[in-house]
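# Working through the structure, step by step
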Amino acid sequence: MAERTSGTAVCPGSYDPVTLGHIDIITRASQVFDRVVVGVVNQPVRKQKTVFTAEQRVAFITAEVAPLGNVEVQAFDNLLVEFARENGAKAIVKGLRAISDFEYEFEMNQLNRKMAPDIESMYLMAAPQYSFLSSSGVKELAMFGGDLTGLVPAPVASQLKEALER
Ligand code: PNS
């Protein structure tokens, strides 16, 4: 395999819950950077209450990324650029799916760049099989008993069903 770029990248998100699309992005980032820190937002950012606590979301991701060896997972509740700084990250890496992601990410990019021009935001295009996969879509499927195979890790699928059936 080619050499990794030195340095740390942060992969931030709400991850409520983590999907296989997120895991794909984190895995690809871990092949480019020496160290990847997955940042799990521990605050409702523009969103309703989360289904899973930050601790649960961290635990789901930690279990999936363990084999990668250079990925750690932390919850954060401060500004993303501050969290990146605390971790010595020079880049924020996010996934981009269909066109609909662009407007939101463009706005976040401008805000983050204004606060921290030295931290570069980088975007990895979603793999085709995950292009239309989202945490909110998965929750809706789960609520109505849909099959989550191939969309989220198996432990997430079972605990999501349990949580949403309650
Ligand atoms: O789409 P997501 O998963 O809700 O993204 C969350 C995050 C933090 C990546 C996005 O909201 C962002 O880039 N925010 C920048 C502003 C910020 O730092 N907010 C505080 C987060 S605790």
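### Details of the packing of aromatic side chains
On inspection of all chains with the given rule, the structure shows three aromatic pairs. Here the aromatic rings of Phe76 and Phe83 are separated by 4.5 Å at their centres, their planes lie at 15°, and the arrangement is stacked. Its relative accessible area of 7% is what places Phe76 among the buried residues. The class for Phe83 is buried, based on a relative accessible area of 1%. Residues Phe102 and Phe106 carry aromatic rings whose centres are separated by 5.3 Å and whose planes lie at 20° to one another, so their mutual orientation is stacked. With Phe102 and Phe106 both in helix 4 (residues 100–115), this residue pair falls four residues apart, about one helical turn. The class for Phe102 is partly exposed, based on a relative accessible area of 47%.

### Re unusual backbone geometry
Here the amide bond leading from Asp16 into Pro17 is cis, since omega sits at 0°, within 30 degrees of zero. You can see Pro17 is positioned in the loop between strand 1 (5–13) and helix 1 (20–30). Despite not being glycine, Tyr15 has its phi angle at roughly 50°, a positive value. Within the secondary structure, Tyr15 is located in the loop between strand 1 and helix 1.

The rules behind these values
Residues numbered from 1 in each chain as written. Predicted model: local features only at pLDDT ≥ 70, side-chain atom pairs only at ≥ 80, totals over all residues. Heavy atoms only, no water. Phe/Tyr/Trp six-rings, centres within 6.5 Å; stacked < 30°, edge-to-face > 60°. Buried < 20%, exposed > 50% of the residue type's maximum accessible area, 1.4 Å probe, protein only. Helix = DSSP H or I, 4+ residues; strand = E, 2+ residues; numbered from the N terminus.

Purely spatial values, then, with no claim about function.
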